[in-house]
Amino acid sequence: MAFHEVRFPANLSFGSVGGPERRTEIVTLQNGFEERNSPWAHSRRRYDAGVGLRSLDDVERLIAFFEARSGQLHGFRWKDWSDYKSCPASREVDFEDQLLGIGDGVTTVFQLAKTYRSGGVDYVRPIRKPVDGTVQAGLMGSQRAETVHYDVDLTTGVITFYDPPPAGARVTAGFEFDVPVRFDTDGIQVSVQSFGAGDLPQVPVVEVRI
């Protein structure tokens, strides 16, 4: 079992269907009230790669990618076109998009993260698979330069500053990112005749914890 740092063809994932899911355990009490609990701190995303196929050439590319990953065995990168930036889809990435933390004069390592806000509640999602060449970091409202002031680990989403940000300094970043996933099946059933009639194969993909 390994993780392959290769992205599923983005033109195929563009037409996919999917998104986040949660696991909620609900117990209905005798008085009709409910107790709800979730064993998951973070959501898990699922997709169907089959609906993005448009031609037999696409099917061939899918099968090649599937075989190279040994089915469910190896993970890979997936571009979720509905959520792949540190900012809204209509905006360009900026180094002040997301707050990563506050400097203390000692800490040099910060995890990339994206905060989702609604109704006064925040959910912070760790970002483990940033896209090469898209990460921008800043300190105290001033942009910093990669390889001059910091390094980015593209396999973990960790930023390491050469010098610790001073106490009270806002550490921010902007980036594009992929979702770490694997195939959720060990078989792909394709019928050329059915495909020509618009019957697309189901190719489930599920997020993996890194």
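**Q** Could you give me a rundown of the pairing of strand β9 (residues 113–118), with the residues and numbers involved?
**A** Bridge count between β9 and strand β10 (residues 121–126): six bridges; the pairing is antiparallel. Paired with Ala-113 across the strands is Pro-126, a residue of β10. In sequence, β9 turns back onto β10 through a hairpin of two residues, with Gly-119 there showing a positive phi of about 60°.

**Q** Residue-level account of the environment of Asp-163, with values.
**A** When you line up the elements, Asp-163 lands in the loop between β15 (158–161) and β16 (170–174). C-alpha of Asp-163 to C-alpha of Thr-28: the two residues are 135 residues apart in sequence and 53 Å apart in space.

**Q** Residue-level account of the layout of surface pockets, with values.
**A** The volume enclosed by the largest pocket comes to roughly 240 Å³. If you go around the largest pocket, you meet 16 residues; those closest to its centre are His-42, Pro-126, Arg-128, Glu-207 and Arg-209. At the level of secondary structure, the elements contributing two or more residues to the lining of the largest pocket comprise β10 and β17 (177–183). For the lining of the largest pocket, the per-class residue count stands at seven nonpolar, two polar and seven charged.

**Q** Which residues make up helix α2 (residues 56–68), and what values do they have?
**A** Relative to the 18 Å expected for 13 residues at 1.5 Å per residue, α2 spans 18 Å between its end C-alpha atoms, a close match to the ideal helical length. If you check which residues of α2 are buried, you get Asp-58, Val-59, Leu-62, Phe-65 and Phe-66. In an axial view of α2, the angular spread of the buried residues amounts to 130°, which keeps them on one side of the axis. When the buried face of α2 is taken as reference, the exposed residues oriented beyond 90 degrees from it are Asp-57, Glu-60 and Glu-67. The positive-phi residue at the C-terminal boundary of α2 is Ser-70, with phi of around 55°.

**Q** Tell me about the packing of aromatic side chains, and name the residues and values.
**A** Enumeration according to the criterion identifies 15 aromatic pairs in this entry. We note Arg-22 situated over the ring of Tyr-123; from NZ or CZ to the ring centre the distance is 4.8 Å. Stacked on the ring of Phe-65, the Lys or Arg Arg-69 has its end atom at 4.5 Å from the ring centre.

**Q** Before we move on, could you go through the pattern of salt bridges and cite the residues and values that matter?
**A** Applying the stated criterion across every chain yields a total of twelve salt bridges. With a closest N to O distance of 2.8 Å, Arg-77 and Glu-5 form a salt bridge. Within this pair, whereas Arg-77 is found in strand β6 (residues 75–78), its partner Glu-5 is found in strand β1 (residues 3–7), the two being separated by 72 residues in sequence. The exposure class assigned to Arg-77 is buried, which follows from its relative accessible area of 8%.

**Q** Describe the sheet that holds strand β14 (residues 150–153), listing the residues and the values that go with them.
**A** Taken in spatial order, the three strands line up as β8-β15-β14 in an open sheet, and their pairing is antiparallel. Taken across any chain shown, the strands that pair with only one partner, and hence form the sheet edges, are β8 (109–111) and β14. Across the sheet, the axes of successive neighbouring strands diverge by a mean angle of 20°, strand direction being ignored. In the sheet, β14 pairs with β15 via four bridges, with the strands oriented antiparallel. Pairing of Asp-151 across the sheet is with Thr-160, part of β15.

**Q** Help me get a handle on the environment of Val-121, residues and values and all.
**A** As for its placement among the helices and strands, Val-121 is situated in strand β10. Val-121 gets classed as exposed once you look at its relative accessible area, which sits at 55%. In this structure, the C-alpha to C-alpha distance between Val-121 and Pro-20, residues 101 residues apart in sequence, is 17 Å.

The rules behind each value
- Residues numbered from 1 in each chain as written.
- Predicted model: local features only at pLDDT ≥ 70, side-chain atom pairs only at ≥ 80, totals over all residues.
- Heavy atoms only, no water.
- Pairing = 2+ DSSP bridges.
- Helix = DSSP H or I, 4+ residues; strand = E, 2+ residues; numbered from the N terminus.
- 1 Å grid on protein atoms, 1.4 Å probe; cavity = no way out; pocket = protein on both sides within 12 Å on 5 of 7 lines; lining within 4 Å.
- Points joined across faces, edges and corners; volume = space filled by probe spheres on them.
- Nonpolar A, V, L, I, M, F, W, Y, C, P; charged D, E, K, R; others polar.
- Expected span 1.5 Å × (residues − 1).
- Buried < 20%, exposed > 50% of the residue type's maximum accessible area, 1.4 Å probe, protein only.
- Arc of directions from axis to C-beta.
- Phe/Tyr/Trp six-rings, centres within 6.5 Å; stacked < 30°, edge-to-face > 60°.
- Lys NZ or Arg CZ within 6 Å of the ring centre and 35° of its normal.
- Salt bridge = Lys/Arg side-chain N within 4 Å of Asp/Glu carboxyl O.
- Axes fitted to C-alpha atoms, helices over the stretch in contact; angles between N-to-C directions.

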